Each structure stands twice: as structure tokens, then as C-alpha cells.
Amino acid sequence: MRFLSRRLVMPNDLNYANSLFGGRALEWIDEEAAIYAICQLETNCLVTKHIGEISFESAAMQGDVVEFGLRTKSVGKSSITVTCMVRNKVTKKTICIADDIVFVKVDPQTRKPVPHGKTIEQLHKQTIDEIKTLNMD
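Everything numeric in this text was worked out from a predicted model, so none of it was measured. (Residues numbered from 1 in each chain as written. Predicted model: local features only at pLDDT ≥ 70, side-chain atom pairs only at ≥ 80, totals over all residues. Heavy atoms only, no water.)

> I would appreciate a short explanation of the nonpolar core in the present structure.
By size, the foremost hydrophobic cluster in this structure holds 25 residues, and its most contacted members are Ile 29, Val 66, Val 86, Ile 101 and Phe 103. The set of elements that each furnish at least two residues to this core consists of α1 (22-41), β4 (65-75), β5 (79-88) and β6 (94-105). Tallying contributions element by element places α1 first for this core, with seven residues. (Core = buried A, V, L, I, M, F, W, Y, C linked by side-chain atoms within 4.5 Å. Buried < 20%, exposed > 50% of the residue type's maximum accessible area, 1.4 Å probe, protein only. Helix = DSSP H or I, 4+ residues; strand = E, 2+ residues; numbered from the N terminus.)

Here it is, written out as C-alpha cells:
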């Protein structure tokens, strides 16, 4: 799982108990997973089809930095399925896991599913090639 982005939990993100509101976490997960899928499939013509099991494990509090880990679970003809883990950046404690997030490539005019032309093997190679080009200095 690659942890690709972070967010700071702000006062507007809190629920009545002063912890991260679950709805806000789900909003962030959908956005982060969509960005991941867009980058993997190299298209922004994607829609969220399904979000499977969501498990809240621990609270995030105001001021916490949370990070989003994503990985490709499977690839279909027009779809990609990803898993997202949200964890506390400092403690590494899992806050939430969203499994089976499915995105489907659609035609921009008809909004009907269309093939994306990628395989899971291609996506793994693409990730390895991308990691090699990162400037880690």
C-alpha cells in the first residue's frame, strides 16, 4: 500500500464528540481514491460505482495529520477496484479502512461504461516505473 497524500484535521472536520466526522472521512476517501484511479488508468472520465465495507477503527482528533494509503485490488474491462486506508501519520494507527471502492470509466457524452485498456500487470509495471523516476533527494 502506497501512502500518497495527507490532510490536517481542522475544526470544520469534527463531529459533536470533537473527533473527525465519519462523513468527512468518507468524502476524503472518495476523492483520494478517485485521484488514485485517475492516475492509474490515465483518464479522468471515471465515476464511483461502489464503496464496499467501511470500518472505522480509531478516532482522529483536531490537529492530527492523517494519511491515505491506496492500492489496486483488481482491474476489470472498464473498472478498477481499490482499497484505501486512512491512518494517523505520527502514530501509524489505522483510523478507517474502505474496501472494494469501484470506479468505472465512462464515455463523456453517453455516460456508458467503456473499456480502459489496462491490465493489473500493466498497472504494477507503471507503478514500479513511476517509483523509479521519483526524485528522492
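Now that the structure is up, let's keep going.
> Would you take a moment to explain the packing of aromatic side chains for this structure?
Aromatic ring pairs are described here by two measures, namely the spacing of the ring centres and the angle between the planes. Scanning the model with the defined rule gives one aromatic pair in all. Look at Trp 28 and Phe 68: their rings are 6.3 Å apart centre to centre, the planes differ by 80°, and that puts the pair in the edge-to-face class. Highlighted residues: Trp 28 in helix α1 and Phe 68 in strand β4, separated in sequence by 40 residues. With respect to class, Trp 28 is no different from Phe 68; both count as buried. Of note, Arg 87 hangs over the ring of Phe 3, and the distance from its end group to the ring centre comes to 3.5 Å. (Phe/Tyr/Trp six-rings, centres within 6.5 Å; stacked < 30°, edge-to-face > 60°. Lys NZ or Arg CZ within 6 Å of the ring centre and 35° of its normal.)

> Would you mind showing me how to read the packing of α1 against helix α2 (residues 120-133) here?
Between two packed helices, the angle of one axis relative to the other and the distance separating the axes together describe the packing. Running from N to C, α1 and α2 cross one another at 95°; their axes reach a closest spacing of 10 Å. Comparing their axes, α2 and α1 come out roughly perpendicular. Across the interface between the two elements, Cys 39, Gln 40 and Leu 41 of α1 pack against Leu 123, Gln 126 and Thr 127 of α2. Partitioned by chemical class, the residues of the contact of α1 with α2 number three nonpolar, three polar and no charged. (Axes fitted to C-alpha atoms, helices over the stretch in contact; angles between N-to-C directions. Parallel < 35°, antiparallel > 145°, perpendicular 65-115°, else oblique. Contact = heavy atoms within 4.5 Å. Nonpolar A, V, L, I, M, F, W, Y, C, P; charged D, E, K, R; others polar.)

> Even after reading the chapter, I still don't get the pattern of salt bridges, so can you show me in this structure?
Side chains that carry opposite charge are capable of pairing whenever their charged atoms lie near each other. Applying the stated criterion to the full structure yields 13 salt bridges. With a shortest N-O distance of 2.7 Å, Arg 24 and Asp 13 are connected by a salt bridge. With a gap of eleven residues between them, Arg 24 in helix α1 and Asp 13 in the loop between β1 (2-8) and α1 connect regions that are remote in the sequence. One salt bridge connects Lys 118 with Glu 42, and the closest N-O pair in it is separated by 2.6 Å. You can see Lys 118 sitting in the loop between β6 and α2 and its partner Glu 42 sitting in the loop between α1 and β2 (46-51), a full 76 residues away along the chain. The buried category is assigned to Lys 118, whose relative accessible area is 17%. Several salt bridges converge on common partners, so that one network encompasses Arg 6, Glu 67, Arg 87, Lys 89 and Lys 92. (Salt bridge = Lys/Arg side-chain N within 4 Å of Asp/Glu carboxyl O.)

> What is the right way to read the environment of Ile 80 from this model?
By the secondary structure assignment, Ile 80 is in strand β5. Separated by 21 residues in the primary sequence, Ile 80 and Ile 101 have C-alpha atoms spaced 8.2 Å apart. What Ile 80 contacts, discounting residues up to four positions off in sequence, is Ala 37, Gln 40, Leu 41, Thr 72, Ser 74, Val 75, Ile 101, Val 102, Phe 103 and Leu 123.

> Mind showing me how you'd approach a nonpolar patch on the surface here?
Judged by side-chain polarity, Leu 8, Met 10 and Val 65 come together as a nonpolar surface patch covering roughly 230 Å² of accessible area. Mapping Val 65 onto the fold places it in strand β4. Looking at Val 65, the relative accessible area reads 30%, which means it is partly exposed. (Patch = residues over 30% accessible without salt bridge, like charges linked within 9 Å, V, L, I, M, F, W, Y side chains within 5 Å. Areas by Shrake-Rupley, 256 points an atom, 1.4 Å probe, with all protein chains shown as cover.)

Honestly, that's just the spatial picture; any functional story needs more than this.
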